[in-house]
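Report on the structure
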Amino acid sequence: MQPFDRYAVMGNPVAHSQSPAIHSLFAEQTGQQLYYEPLLVAEGDFSQAVALFFAEGGRGLNVTVPFKQQAWQLAGQLTERARRGGTVNTLWKDSQGVIQGDTTDGAGLVHDLVHNQGLHIKGWRVLVLGAGGAVRSIIEPLLAQQPESLVIANRTAEKARELVAALEHTPDLLACGLDELNAPFDLVINGTSAGLHDGCPAFPQAIVGPDTVAYDMMYGAGQTAFNHAMLSLGARKAFDGVGMLVEQAAESFLLWRGVRPQTRAVLSSIRERLHH
Ligand code: ATR
């Protein structure tokens, strides 16, 4: 029997990560021999933990909160999208022993929006709430879908302006404060961390019209506070971030194993796990 290749997700906290379950289902489906575990890493120990993992023969890592920026700094080589996105959620060692870093979050989000939910963003007015690391990694993949405009709105307006100013200038990319928003959007994506504490960013009601679709990058056992608020205000549909989670995992699996798993059945299993 072939030995099992070792993979892990490093985070803090990490116990509730669905990544081990997702990758086990992917491995089963594609017949790949691998083992994937959650690794709780203390805040100051990330770089040593990564070095040890690869020294012991580990094949690939996912990186989650709060280590995605550190992973970006630590990687010996970054893919172009990771370099521009400023965060890394996937690491592996190449045949020369160099630690490679990539970010699959933006691709995962777009894959979920377009392929799972059937949303065609081209020509849409898109609003993203938040201006942290989670938002930075999705801006370029969203722009690649050619929306009419992409507005990044943050509670602290200055942070949104800095984020946008750091990117290559595109006329359809704008930044503002949450309180400056005054018209409806076709798609509103919540990329703030307010949902970590069951909260919802305070946005003006004017952003929601009868055609507005809501997408919360967060997820939980039930409807998120953001999606609840958006639907109450008359949004047409609301999706949570479970699809993004499974799709970013599929992109990581592709990088490591050279095959992109089918995600539909895995998505159902993970939803069921979250509800129990
Ligand atoms: P992440 O890496 O998850 O993006 P982060 O870099 O700490 O985390 O960024 C958190 C984002 O969520 C920020 O845009 C933050 O807004 P501020 O820059 O104004 O702090 C936003 N955020 C967090 N809690 C929020 C809340 N209750 N309402 C609105 N925005 C919130």
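Scroll up for the structure.
Here the structure is a predicted model, which means the values were calculated and not measured.

**A closer look at the layout of surface pockets**
Over the atoms rolls a probe the size of a water molecule, and in doing so it shows where empty space is left. The volume enclosed by the second largest pocket comes to roughly 200 Å³. Only α5 (105–116) and α10 (264–275) provide two or more residues apiece to the lining of the second largest pocket. Looking at the lining of the second largest pocket, its residues break down into two nonpolar, five polar and three charged.

**Digging into the sheet that holds strand β10 (residues 187–190)**
Sheet strands pair via backbone hydrogen bonds, and the direction of the pair is either parallel or antiparallel. Spatially, the six strands line up as an open sheet ordered β9-β8-β7-β10-β11-β12, and their pairing is parallel. Lying at the two open borders of the sheet, with one neighbouring strand each, are β9 (173–177) and β12 (237–239). Across the sheet, the mean angle separating the axes of adjacent strands is 20° when strand polarity is ignored. Here β10 runs beside strand β11 (residues 213–216); their pairing, made up of four bridges, is parallel. Bridge pairing in β11 links Val188 to Ala214. Sheet strands touched by helix α7 (residues 157–165): β8 (149–154) and β9. Its angle to β9, the strand with the most contacts, is close to 165°.

**Considering α10**
In a regular helix each residue adds 1.5 Å, so 12 residues correspond to 16 Å; α10 covers 17 Å between its end C-alpha atoms and thus fits that length. The elements touched by buried residues of α10 are α1 (19–30), α5 and α9 (242–257).

**Describing the pattern of salt bridges**
Where charged atoms of side chains with opposite charge meet at close range, the side chains can pair. In the structure shown here, the tally under the stated rule is 15 salt bridges. Here Arg81 and Asp102 are joined by a salt bridge, their closest N and O atoms 2.8 Å apart. Here Asp102 lies in strand β6 (residues 99–102) and Arg81 lies in helix α4 (residues 80–85), a separation of 21 residues in the sequence.

**Examining the packing of α5 against α9**
Axes are the key here: two packed helices are described by the angle between their axes and the distance separating the axes. Taken N-terminus to C-terminus, the directions of α5 and α9 make an angle of 120°; their axes are 7 Å apart at the nearest point. One finds that α5 runs oblique with respect to α9. In this structure, the crossing between α5 and α9 has a hand that is right-handed. Taking contact as the criterion, the partners of Asp105, Ala107, Gly108, Leu109, His111, Asp112 and Asn116 in α5 are, on α9, Gly243, Met244, Glu247, Gln248 and Glu251. Of the residues belonging to the contact of α5 with α9, the class tally is three nonpolar, five polar and four charged.

**Describing the site of the ligand**
Residues in contact with the ligand amount to 13 residues; listed here are only the nearest, Ala131, Ala134, Asn154, Arg155 and Thr156. Within the contact set of the ligand, an oxygen atom lies 3.1 Å away from a backbone nitrogen or oxygen of Gly133. Note that an oxygen atom of the ligand is positioned 3.0 Å from one of the backbone N or O atoms of Ala134. Burial of the ligand by the protein amounts to 70% of the accessible area it has alone, namely 640 Å².

**Examining the nonpolar core**
In terms of nonpolar packing, the biggest core is built from 28 residues, with Leu113, Leu142, Ile152, Leu187, Ile189 and Tyr215 touching the most fellow members. Broken down by secondary-structure element, the contributors of at least two residues to this core are α5, β7 (125–129), α6 (133–143), β8, α7, β10 and β11. Residues contacting Leu113, with those up to four places away along its chain left out, are Gly118, Leu119, Ile121, Leu142, Leu187, Ile189 and Tyr215. Of all hydrophobic cores here, the second largest spans 21 residues; its members include Tyr7, Ala27, Tyr36 and Ala250.

**Details of the packing of α5 against α6**
At a minimum axis distance of 8 Å, the contact between α5 and α6 shows a crossing angle of 50°. When the axes of α5 and α6 are compared, the pair comes out oblique. Between α5 and α6 the crossing geometry is right-handed. Mapping the contact onto sequence places Asp105, Gly106, Ala107, Leu109, Val110 and Leu113 in α5 and Ser137, Ile138, Pro141 and Leu142 in α6.

**Describing α7**
Within α7, the full set of buried residues consists of Ala157, Ala160, Leu163 and Val164. One side of α7 carries all its buried residues, which in axial view fall inside an arc of 125°. Residues of α7 that are buried make contact with α6, β8 and β9.

What counts and how
Residues numbered from 1 in each chain as written. Predicted model: local features only at pLDDT ≥ 70, side-chain atom pairs only at ≥ 80, totals over all residues. Heavy atoms only, no water. 1 Å grid on protein atoms, 1.4 Å probe; cavity = no way out; pocket = protein on both sides within 12 Å on 5 of 7 lines; lining within 4 Å. Points joined across faces, edges and corners; volume = space filled by probe spheres on them. Helix = DSSP H or I, 4+ residues; strand = E, 2+ residues; numbered from the N terminus. Nonpolar A, V, L, I, M, F, W, Y, C, P; charged D, E, K, R; others polar. Pairing = 2+ DSSP bridges. Axes fitted to C-alpha atoms, helices over the stretch in contact; angles between N-to-C directions. Contact = heavy atoms within 4.5 Å. Expected span 1.5 Å × (residues − 1). Salt bridge = Lys/Arg side-chain N within 4 Å of Asp/Glu carboxyl O. Parallel < 35°, antiparallel > 145°, perpendicular 65-115°, else oblique. Left-handed = near helix turned anticlockwise from the far one by under 90°. Near = heavy atom within 4 Å. Polar contact = N/O pair within 3.5 Å; in protein donor to acceptor, adjacent residues only side chain to side chain. Areas by Shrake-Rupley, 256 points an atom, 1.4 Å probe, with all protein chains shown as cover. Core = buried A, V, L, I, M, F, W, Y, C linked by side-chain atoms within 4.5 Å. Buried < 20%, exposed > 50% of the residue type's maximum accessible area, 1.4 Å probe, protein only. Arc of directions from axis to C-beta.

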